[in-house]
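Architecture at a glance
Spelled out from the first residue to the last, the chains are:
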Amino acid sequence: SGSGGKMRIPKQELYLGNSGTSARFLTGIATAAVGDGHVVVTGNKRMKERPIKDMVDALVAHGCDIKYLEGEGCPPIQIAAKGLPAGTVSMSGKISSQYISGVLLA
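Now for a quick tour of the structure. These figures come from a predicted structure and were not determined experimentally. (Residues numbered from 1 in each chain as written. Predicted model: local features only at pLDDT ≥ 70, side-chain atom pairs only at ≥ 80, totals over all residues. Heavy atoms only, no water.)

1. Some points on the nonpolar core
- Val41, Ile52, Ile66 and Ile77 are the most contacted members of the largest nonpolar core, which totals 19 residues.
- Those elements giving two or more residues to this core turn out to be helix H1 (20-30), strand S2 (34-42), helix H2 (53-61), strand S3 (66-68), strand S4 (77-82) and helix H3 (98-105).
- Setting aside residues no more than four positions away along its own chain, Ile77 makes contact with Thr27, Val39, Val40, Val41, Ile52, Val56, Ile66, Lys67, Tyr68 and Leu69. (Core = buried A, V, L, I, M, F, W, Y, C linked by side-chain atoms within 4.5 Å. Buried < 20%, exposed > 50% of the residue type's maximum accessible area, 1.4 Å probe, protein only. Helix = DSSP H or I, 4+ residues; strand = E, 2+ residues; numbered from the N terminus. Contact = heavy atoms within 4.5 Å.)

If you want it as structure tokens, here you go:
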């Protein structure tokens, strides 16, 4: 059985170890989730030092509700399941083009 084309909200946080690529791609994808709850993207100690601020800033400016759960600019982050608003998202790709890829996947 499917979910009618809607992304399900995971019941547990998304623990990604030290995979920065996964964190950036899944952050973008998680903004598409709609429902009652939120998605948490986290990882190991090293992941919590990896930058994601440019991506989060751009998504928040676009209307997404994303909060840092520990240090500013790095995972873990909590993404409210409100869906990704339509329109153009502008962001810097200087630190990582994966930010852009994550939004395109959403």
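2. Some details on the sheet that holds strand S1 (residues 14-15)
- Strand order in the open sheet made by the four strands is S1-S2-S4-S3, with mixed pairing throughout. Edge strands, defined here as strands with exactly one partner in the open sheet, are S1 and S3.
- Pairing of S2 with S4, which is carried by five bridges, proceeds in the antiparallel orientation. By the bridge assignment for S4, Val41 is matched with Ile77.
- Packing of H2 onto the sheet brings it into contact with S3 and S4, and relative to S3 it is tilted by some 145°. (Pairing = 2+ DSSP bridges. Axes fitted to C-alpha atoms, helices over the stretch in contact; angles between N-to-C directions.)

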